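What follows is each chain in one-letter form.
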Amino acid sequence: MIHAICVAGARPNLIKIKPVIDVLESLGAKMTFVHTGQHYDELMSDVFFSDFEMEKPTHFLGVGSGPHGVQTAKVLIALEELFTRDRPDLLVVVGDVNSTMAGALAAVKLGVPVAHIESGLRSFDRTMPEEINRLLTDAVSDLLLTSCRSADEQLLREGIPASKIRFVGNVMIDSLVMLLPRVAASTKPRELGVQERPFVLVTLHRPSNVDAPARLKLLRDNLVELSQQLPVVFPVHPRTRKMLDQAGIGTGARGLVLTEPLSYLDFIALETRAALVVTDSGGIQEETSYLGIPCLTVRPNTERPITITEGTNRLLDPEKESLSAAAQAALQRGRRLGACPIEGWDGHAAARIILALQEKLGV
Ligand code: UD1
Ligand code: UDP
């Protein structure tokens with residue numbers, strides 16, 4: 001029996017990991033699930049275990065928050081000890097957070113094969129910590145599992161042999177498809193007063209949007225203006241909450257409803273009903289593209305261009321264009337009807353991951 005270790009640490013990892021764990025278990029592998037503790041608040045971590053009826057992790061490293069070097073080093077030290085002791089046959093990591101990169105680095109130095117889910121995405125913006133994590137993780141991984149064909153092409157351009165690359169589709173969509181049948185059970189839209197009315201759903205957490213008070217104020221002003229057109233629901237990431245509080249930026253406005261971060265079930269209950277989503281999240285660009293909901297991404301670039309060319313996403317620069325005007329145009333375009341046209345975004349990525357693991361690593 002092979003021994004596979006899955007490492008996850010931040011909200012988007014925890015959401016993507018359930019379909020992966022399920023398929024590894026279906027292979028009959030011994031499965032160890034390590035939660036690094038990069039995210040630790042109940043609403044950034046525990047809640048996803050309830051959402052997906054997922055067993056508690058085998059190990060919780062409890063690394064917590066900190067500067068990049070400290071956080072990455074803590075994960076690296078703890079995983080090196082664990083891998084040295086347990087000698088797994090395979091490490092599986094997802095996405096582009098510090099825990100992803102630290103896991104891959106610890107494993108490769110010990111000769112543990114690494115499978116990276118969501119390989120090959122590039123924003124070409126090295127000011128983003130995630131871009132550095134993506135480049136480093138892909139450079140040391142043995143099996144690069146991609147969610148879109150342009151990621152395969154990018155990896156080939158970077159000199160990665162084709163034999164290491166497998167297009168499998170988007171595992172985040174597997175998680176979404178898994179939970180969609182249960183969204184009707186969420187009472188959140190009613191509690192927030194948007195059950196019967198069109199509204200805009202907002203998330204913002206990128207350092208480039210929230211860490212500088214002037215930028216954060218500009219975005220607050222844009223949201224306040226937008227909330228005069230339509231109610232705006234804004235579940236606030238802890239990083240953004242901290243920055244709002246530290247800079248003393250008020251958010252009181254009649255149509256602007258701030259909440260704590262939401263469970264995945266509550267969040268997708270809102271997302272599926274939203275007339276428009278405004279975000280800087282990676283995963284939400286993908287979910288809205290799958291669901292056909294117009295999305296404005298408050299970033300100068302995206303590592304997920306397929307959400308623009310084949311999905312419902314558009315980039316927005318709030319320094320040059322008013323959010324309200326862009327929202328008007330997006331609302332007029334409205335929802336895409338019919339199935340998601342993006343190849344491999346179909347709820348079956350994890351099944352294709354298994355085939356790739358069997359074929360490439362003989363597990
Ligand atoms: C991290 C990822 C980012 C991802 C995001 C998903 C990196 C470099 N960044 O960013 O790619 O999009 O997660 O949400 O890995 N905090 C809490 N409670 C928590 C977690 C964080 O209060 O449970 C606060 C702390 O003040 C912390 C700050 O949020 O310093 C930032 O957390 P951190 O994990 O460093 O980065 P994120 O901005 O969450
Ligand atoms: N999400 C959630 N609750 C929230 C906000 C987002 O469950 O309050 C989900 C969202 O549906 C998506 C994921 O979190 O699946 C995206 O995570 P995040 O934006 O934190 O990270 P990113 O995708 O940008 O790395």
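In case you missed it, the structure is sitting above this.
A brief structural summary. Treat the numbers as computed from the prediction; the structure is a model and nothing was measured.

**What about the overall build of the protein chain?**
Here is step 1: When you go through the protein chain residue by residue, the secondary structure sums to 16 helices and 13 strands.
Here is step 2: Along the first, second and third principal axes, the C-alpha set of the protein chain runs to 60 × 45 × 40 Å.
Here is step 3: The burial tally for the protein chain puts 57% of its 363 residues in the buried class.
Here is step 4: Restricting to contacts in the protein chain with at least 6 residues of sequence separation, those with at least 24 account for 68%.

**A short note on the site of ligand 2**
Here is step 1: The local shell around ligand 2 holds 18 residues, among which R206, L262, S281, G283 and E287 are the closest.
Here is step 2: Between ligand 2 and G282, the relevant distance is 2.8 Å, taken from an oxygen atom to a main-chain nitrogen or oxygen of the residue.
Here is step 3: Interatomic distance of 2.5 Å between a side-chain N/O atom of E287 and an oxygen atom of ligand 2.
Here is step 4: Starting from 530 Å² of accessible surface for ligand 2 in isolation, the protein chains cover 97%.
Here is step 5: Cavity membership is defined here by more than half of the atoms lying within 2 Å of grid points; on that basis ligand 2 lies in the largest pocket.
Here is step 6: Elements with a contribution of two residues or more to the shell around ligand 2: α1 (11-26), α12 (264-273) and α13 (282-291).
Here is step 7: The element that contributes the greatest number of residues to the shell around ligand 2 is α13, accounting for 4 residues.
Here is step 8: A breakdown of the residues in the shell around ligand 2 according to their chemical character gives 10 nonpolar, 5 polar and 3 charged.

**A closer look at the site of ligand 1**
Here is step 1: Around ligand 1, the surrounding shell holds 19 residues, and the nearest of these are H39, N98, E130, H205 and R239.
Here is step 2: Here an oxygen atom of ligand 1 sits 2.5 Å away from a polar atom, N or O, in the side chain of E130.
Here is step 3: Relative to its unbound accessible surface of 750 Å², ligand 1 loses 89% to contact with the protein.
Here is step 4: Because more than half of its atoms lie within 2 Å of the grid, ligand 1 is assigned to the largest pocket.

**Some details on helix α3 (residues 68-86)**
Here is step 1: Taking 1.5 Å as the rise per residue, α3 with 19 residues should run 27 Å; its terminal C-alpha atoms sit 27 Å apart, in good agreement.
Here is step 2: Considered for burial, the residues of α3 that qualify are Q71, T72, V75, L79, L82 and F83. End-on view of α3: buried residues confined to an arc of 100°, all on one side of the axis. Opposite its buried face, α3 presents the exposed residues G69, I77, E81 and R85, each directed more than 90 degrees away.
Here is step 3: Two residues or fewer past α3, R87 is found with a positive phi of approximately 45°.

Cut-offs and rules
Residues numbered from 1 in each chain as written. Chains lettered and ligands numbered in written order. Predicted model: local features only at pLDDT ≥ 70, side-chain atom pairs only at ≥ 80, totals over all residues. Heavy atoms only, no water. Helix = DSSP H or I, 4+ residues; strand = E, 2+ residues; numbered from the N terminus. Buried < 20%, exposed > 50% of the residue type's maximum accessible area, 1.4 Å probe, protein only. Contact = heavy atoms within 4.5 Å. Near = heavy atom within 4 Å. Polar contact = N/O pair within 3.5 Å; in protein donor to acceptor, adjacent residues only side chain to side chain. Areas by Shrake-Rupley, 256 points an atom, 1.4 Å probe, with all protein chains shown as cover. 1 Å grid on protein atoms, 1.4 Å probe; cavity = no way out; pocket = protein on both sides within 12 Å on 5 of 7 lines; lining within 4 Å. Sits in = over half its atoms within 2 Å of the grid points. Nonpolar A, V, L, I, M, F, W, Y, C, P; charged D, E, K, R; others polar. Expected span 1.5 Å × (residues − 1). Arc of directions from axis to C-beta.

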